[in-house]
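Architecture and fold: a report
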Amino acid sequence: MMALYKIKKSNIDNKGLVASKDIKKGTKIIAYKGKLISKKESEKNPKFDNSKRIYLFEINKRYDLDGDFNFNTARLINHSCNPNCEVVGKGLKLWIESIKDIKKGEELSYDYGFSFDEDFRDYPCKCNSKNCCGYIVKQASRWRIKKSLRVNR
Ligand SMILES: [Zn+2]
């Protein structure tokens, strides 16, 4: 099967993935691949030494999936405040799936799901969508940004 995506220099970040043809909503586009890493190891690893674990997915109480490898092409997908994909699946079987119809050439994105905390300013969002809140924060917590910026002015 021909891949539904190709790597592209992104408008959002350095690189990204774009649809190589029209994709229907609910399509599994690319597997999110990684290696098992125990919580103990990930806690010790300076690579994950911040609260925003971009390439780390929780598998269970003891293990995470570390997706920070070149073979994991899905790691190139950028965050967007108006995403067209989401991560689905369980355990080591994770997929990027479309949550709306996507046109050929459109960039793939999903909500990184970062929780809101004091360091949100360290993660500016450049997704350029109409509803962009300016920072990479999960949708359910974005109202906190406005509130925080108002208080701290
Ligand atoms: Zn944004």
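Scroll up a little and you will see the structure.
Quick look at the structure, then.

What counts and how
Residues numbered from 1 in each chain as written. Predicted model: local features only at pLDDT ≥ 70, side-chain atom pairs only at ≥ 80, totals over all residues. Pairing = 2+ DSSP bridges. Helix = DSSP H or I, 4+ residues; strand = E, 2+ residues; numbered from the N terminus. Axes fitted to C-alpha atoms, helices over the stretch in contact; angles between N-to-C directions. Core = buried A, V, L, I, M, F, W, Y, C linked by C-beta atoms within 7 Å. Buried ≥ 20, exposed ≤ 12 C-beta atoms within 10 Å, placed from the backbone. Contact = placed C-beta atoms within 7 Å.

1. Quick word on the sheet that holds strand β5 (residues 56-58)
- Spatial strand order, β4-β6-β5: three strands in an open sheet with antiparallel pairing. Here the strands that pair on one side only, and so sit at the sheet edges, are β4 (35-38) and β5. Strand-to-strand twist across the sheet, computed as the mean angle between neighbouring axes with direction ignored, equals 35°.
- As paired elements, β5 and strand β6 (residues 63-66) share three bridges and run antiparallel to each other. In the strand pairing of β6, leucine 56 is matched with aspartate 66.

2. What about the nonpolar core?
- Among the nonpolar cores identified, the biggest contains 17 residues, and Tyr5, Ala19, Ile29, Ile77, Ile96 and Leu108 are the most heavily contacted of them.
- Those elements that place two or more of their residues in this core are β2 (15-19), β3 (28-32) and β9 (93-98).
- The dominant element in this core, judged by the number of residues it contributes, is β3, at three residues.
- Apart from residues no more than four positions distant in its own chain, alanine 19 is found in contact with Leu4, Tyr5, Ile102, Lys103, Lys104, Gly105, Glu106 and Leu108.
- Phe114, Phe120, Cys125 and Ile136 belong to the second-largest nonpolar core, a separate cluster that totals eight residues.

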